[in-house]
Amino acid sequence: MPMISPYVRRLRLATELRHLRVSAQLTHEQLAKRIGLPRAQISRLENGHVVDLADIMAILEELGVHGERWTQIITIAREAGERGWWESNKAMGERQALFADLEAGAETIREFQMTFLPGLLQTAEFTRARAETDRRDGADGYKPDKAAEARLGRQRMLRRPGGPSYEVIIDEVAVRRRAAPLEVVQQQLYHLAATVNGDPKITLRVLPIDAVIDGYSLPRSAFSIYTFADPGDPTVVAVDTVTDDLVLTEPDAATRYETLFTRIRAAALTPDESLQFLIKAARNLPNGHSSA
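Residues numbered from 1 in each chain as written. Predicted model: local features only at pLDDT ≥ 70, side-chain atom pairs only at ≥ 80, totals over all residues. Heavy atoms only, no water.

For the protein chain, the name recorded in an unreviewed UniProt entry is Transcriptional regulator, with Acrocarpospora macrocephala as its organism.

Right under this line is the structure:
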């Protein structure tokens, strides 16, 4: 059975319900009155905030939806209400849980990392070091060990049979700037090289500092683009900020990020060049026993 992202299925369910109501030329108030629900509940369903099978079946009955269309929407609704493995680890934090949800059902993941080495390729030691830093900087709500455990869970899901293809571009700054103790960074860089060299579903490129991007387009933040097997599901873009992640699903917004990713990819080193870049960067780090 293929994996799904409950978050994305909620978005899809909301779109389907909204389309049915609009096609029936009914307002929120009119539909709510016909089936005896508060207007606010119709809005919550259409915004993807709740999944209530009884209410959804009442809407489908009122709007005369039957047969394959009924089965399709009820299937989406049931998947939207599922709980993923990340639900059992609240200490991982809401941000990481959102990424785990999106990754669970993705067919492809494209990611640009501007400041940090990508979470899906981090070692446990690097994750713990970053979590300790976040905690010192005032980010409460999850523990370093739990964050590392959750990230390992995400990495296992990435490598599962039938899992998504993963293409990541890392800015040279993220490789060069020290984000953890030296020995942790060195181990992390070697781990990146070994991982991408041994997995055909993972592609890594490094964007050099002096690269010229087509049109002089400059990325303003890290972002990830997720696509899904069901063509009716939206392409989702998650944009990284200091405190939250901005999730975009509008086609125009997604297209802009896809265009930007394509331009960054064209300006980046090839996968082979990037592999050598990582190995050289790891070798050129001081070994911790020398003052060089």
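A.B. asks: Help me out: how do you make sense of the sheet that holds strand β5 (residues 236-240) in this one?
C.D. replies: Each strand in a sheet pairs with its neighbour through backbone hydrogen bonds, running either in the same direction (parallel) or in the opposite one (antiparallel). One open sheet holds the six strands; their spatial order is β3-β2-β1-β4-β5-β6, and the pairing between them is mixed. The sheet is open, and its two edges are formed by β3 (202-207) and β6 (245-248), each paired on a single side. In this sheet, adjacent strand axes meet at a mean angle of 15° when their direction is disregarded. Sheet analysis places strand β1 (residues 106-113) next to strand β4 (residues 223-228), joined by six bridges and oriented antiparallel. Looking at β4, one finds that Glu111 is bridged to Ser224. Sheet contacts for helix α11 (residues 251-267): β1, β2 (165-171), β3, β4, β5 and β6; angle to β4, the most-contacted strand, approximately 115°. (Pairing = 2+ DSSP bridges. Helix = DSSP H or I, 4+ residues; strand = E, 2+ residues; numbered from the N terminus. Axes fitted to C-alpha atoms, helices over the stretch in contact; angles between N-to-C directions. Contact = heavy atoms within 4.5 Å.)

A.B. asks: In this structure, what is going on with the nonpolar core? I would like to understand it.
C.D. replies: In a soluble, globular protein the nonpolar side chains are often hidden away together inside. Leu189, Leu204 and Tyr226 are the most contacted members of the largest nonpolar core, which totals 41 residues. When neighbours within four sequence positions are excluded, Leu204 is seen to be in contact with Leu121, Val168, Ile170, Leu192, Val196, Pro271, Ser274 and Leu278. In terms of nonpolar packing, the next biggest core, distinct from the first, is built from 20 residues, Leu37, Ile42, Leu60 and Val65 among them. (Core = buried A, V, L, I, M, F, W, Y, C linked by side-chain atoms within 4.5 Å. Buried < 20%, exposed > 50% of the residue type's maximum accessible area, 1.4 Å probe, protein only.)

A.B. asks: Explanation requested: the packing of aromatic side chains in the structure shown.
C.D. replies: Geometry of an aromatic ring pair is reported as the spacing of the ring centres plus the angle between the planes. Applying the stated criterion across every chain yields a total of four aromatic pairs. On the numbers, 5.0 Å between centres and 65° between planes, the contact of Phe223 with Tyr257 is edge-to-face. Of this pair, Phe223 sits in strand β4 while Tyr257 sits in helix α11, and the two are 34 residues apart along the sequence. By relative accessible area, Phe223 is classed as buried at 2%. Linked through ring pairs, Phe112, Phe223, Tyr257 and Phe261 together constitute an aromatic cluster. (Phe/Tyr/Trp six-rings, centres within 6.5 Å; stacked < 30°, edge-to-face > 60°.)

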